[in-house]
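The residues making up each chain are set out below.
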Amino acid sequence: GATSPRASVRVDAGVRSGATAANLAVGSGVTPPVLADLLFREGVGVRLNPDLRPERVPWEIEAGVRRELAGGLGAVALRGFYGRVADFIVWAPDFRFIWSPHNFDVRRRGGELTLLLRPAPALRLDASAAYAAVTYDRPGGAQVQYRPRATYAAAAAWSPGPWHAELHWRRIGRRYPNAAGTNPRPPISLVDLALERRIT
């Protein structure tokens, strides 16, 4: 039943040669529903799902490589993953258009490229690009609703003396509001700016 103990296994292997490191991992996993999916106030068009099950990863494989740049300038890393998730939790409407968290079987695969630069002691630059295809596990399955395939991010942090400033930019790609993969929502960008000064 839902309260039965669940076990997960993961095996990691890695190798390093000079400034280059590579890793390979294979494993399974279990993730219980978060409280927001289990406990919320029901209302018009929103209902609890007492049969909601934990997400289970029967297996997933991940591989990556990281290269340190010369002179401590930074690093560049690339990773990829492929696996399946049983009972993936997605908020979706039923035939009456009443929304609840439901379980779906999905496949996920993709990768991420990251870059870290430290051109000066007080300056740090980060950038990343990620692709994640999370599709319903059926022939021709569309991208899971509201999950973007592509995301991009960049950040800069500057810390001269007692001052610290940060600028973050994130680009979220197209998302689909339904399980059919139609009527995509346009990409959006988010920008955050922070400024801080130590006073002691």
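Chemist: Could you clarify how one ought to interpret the overall build of the chain in this entry?
Modeler: A tally of helices and strands in the chain yields 1 helix and 9 strands. Ordered by position from N to C terminus, the α and β elements of the chain give β-β-α-β-β-β-β-β-β-β. Taking 200 residues into account, the globule formula puts the C-alpha radius of gyration at 16 Å, and the chain, at 21 Å, lies well above it. Considering only C-alpha atoms, the chain reaches an extent of 60 × 40 × 35 Å along its principal axes. Within the chain, the fraction of its 200 residues that count as buried is 24%. Looking at the chain as shown, the accessible area adds up to about 12,800 Å², and 61% of this sits on carbon and sulfur atoms.

Chemist: Help me out: how do you make sense of the layout of surface pockets in this one?
Modeler: Where empty space is left in the structure can be found by rolling a water-sized probe over the atoms. If you add up the space inside the largest pocket, you get close to 170 Å³. Lining the largest pocket are 13 residues, and of these Arg79, Phe81, Ala130, Tyr131 and Ala132 lie nearest its centre. A per-class count over the lining of the largest pocket returns 6 nonpolar, 2 polar and 5 charged.

Chemist: Honestly, the sheet that holds strand β5 (residues 99–120) in this entry has me stumped. Any pointers?
Modeler: Remark on secondary structure: sheet strands pair via backbone hydrogen bonds, oriented parallel or antiparallel. Taking strand neighbours across the sheet as the criterion, the 9 strands line up as β1-β2-β3-β4-β5-β6-β7-β8-β9 in an open arrangement whose pairing is antiparallel. If you trace the sheet from one side to the other, it starts and ends with β1 (10–17) and β9 (188–197), each paired once. Averaged over all pairs of adjacent strands, the angle between their axes in this sheet comes to 15°, without regard to strand direction. Two strands pair when backbone bridges link them, and β1 and strand β2 (residues 20–31) are joined in this way by 8 bridges, in the antiparallel orientation. When the bridges of β2 are listed, valine 11 appears paired with valine 26.

Chemist: I keep staring at a nonpolar patch on the surface and nothing clicks. Help me out?
Modeler: A contiguous nonpolar surface patch, about 530 Å² in accessible area, is contributed by Tyr152, Leu167, Trp169, Val191 and Leu193. Those elements that provide at least two residues to the nonpolar patch are β8 (163–172) and β9. Among the secondary structure elements, valine 191 is positioned in strand β9.

Chemist: Any chance you could explain the pattern of salt bridges here in plain terms?
Modeler: When the charged atoms of two side chains lie near each other, side chains of opposite charge can form a pair. What the rule picks out here adds up to 10 salt bridges. Arginine 56 serves as the salt-bridge partner of aspartate 87, at 3.1 Å between the closest nitrogen and oxygen. In this pair, aspartate 87 sits in strand β4 (residues 74–93) while arginine 56 sits in strand β3 (residues 55–68), placing the two residues 31 residues apart along the sequence. Assessed through its relative accessible area of 29%, arginine 56 is described here as partly exposed. Two residues, aspartate 94 and arginine 96, come together in a salt bridge whose shortest N-O distance is 2.9 Å.

Chemist: What exactly am I supposed to notice about the packing of aromatic side chains here?
Modeler: The way to describe two aromatic rings as a pair is by their centre distance and the angle between their planes. By the definition in use, this model includes 4 aromatic pairs. Ring centres of phenylalanine 40 and tryptophan 91 lie 5.1 Å apart, and the angle between their planes is 50°; this geometry places the pair in the tilted category. Highlighted residues: phenylalanine 40 in the loop between α1 (35–38) and β3 and tryptophan 91 in strand β4, separated in sequence by 51 residues. When its relative accessible area of 21% is taken as the criterion, phenylalanine 40 is described as partly exposed. Ring centres of phenylalanine 104 and tyrosine 136 lie 5.5 Å apart, and the angle between their planes is 75°; on these two criteria the pair is classed as edge-to-face. Separated by 32 residues along the polypeptide, phenylalanine 104 in strand β5 and tyrosine 136 in strand β6 (residues 123–136) bring together distant segments of the chain.

Chemist: Help me understand the nonpolar core in this model?
Modeler: General note: in soluble globular proteins, nonpolar side chains tend to be found buried as a group. Core analysis: the largest hydrophobic core is formed by 8 residues, namely Val57, Val85, Phe88, Val90, Val106, Val134, Tyr136 and Val144. Elements with a minimum of two residues in this core: β4 and β6. Of all the elements, β4 adds the most residues to this core, at 3 residues. With residues near it in sequence (within four places) discarded, phenylalanine 88 still touches Glu55, His102, Asn103, Phe104, Val106, Val134, Val144 and Arg147.

Chemist: Sorry if this is basic, but what is going on with the pairing of β6 here?
Modeler: Walk down a regular strand and you will see the side chains alternate between the two sheet faces. In this sheet, β6 lies alongside β5 in antiparallel orientation, the contact comprising 13 bridges. By the bridge assignment, leucine 115 is partnered in β6 with alanine 127. Counted between consecutive antiparallel strands, the loop separating β5 from β6 contains 2 residues. When β6 meets strand β7 (residues 150–158), the two strands line up antiparallel, connected through 9 bridges.

Reading guide: rules and limits
Residues numbered from 1 in each chain as written. Predicted model: local features only at pLDDT ≥ 70, side-chain atom pairs only at ≥ 80, totals over all residues. Heavy atoms only, no water. Helix = DSSP H or I, 4+ residues; strand = E, 2+ residues; numbered from the N terminus. Rg over C-alpha atoms; globule rule 2.2 N^0.38 Å. Buried < 20%, exposed > 50% of the residue type's maximum accessible area, 1.4 Å probe, protein only. Areas by Shrake-Rupley, 256 points an atom, 1.4 Å probe, with all protein chains shown as cover. 1 Å grid on protein atoms, 1.4 Å probe; cavity = no way out; pocket = protein on both sides within 12 Å on 5 of 7 lines; lining within 4 Å. Points joined across faces, edges and corners; volume = space filled by probe spheres on them. Nonpolar A, V, L, I, M, F, W, Y, C, P; charged D, E, K, R; others polar. Pairing = 2+ DSSP bridges. Axes fitted to C-alpha atoms, helices over the stretch in contact; angles between N-to-C directions. Patch = residues over 30% accessible without salt bridge, like charges linked within 9 Å, V, L, I, M, F, W, Y side chains within 5 Å. Salt bridge = Lys/Arg side-chain N within 4 Å of Asp/Glu carboxyl O. Phe/Tyr/Trp six-rings, centres within 6.5 Å; stacked < 30°, edge-to-face > 60°. Core = buried A, V, L, I, M, F, W, Y, C linked by side-chain atoms within 4.5 Å. Contact = heavy atoms within 4.5 Å.

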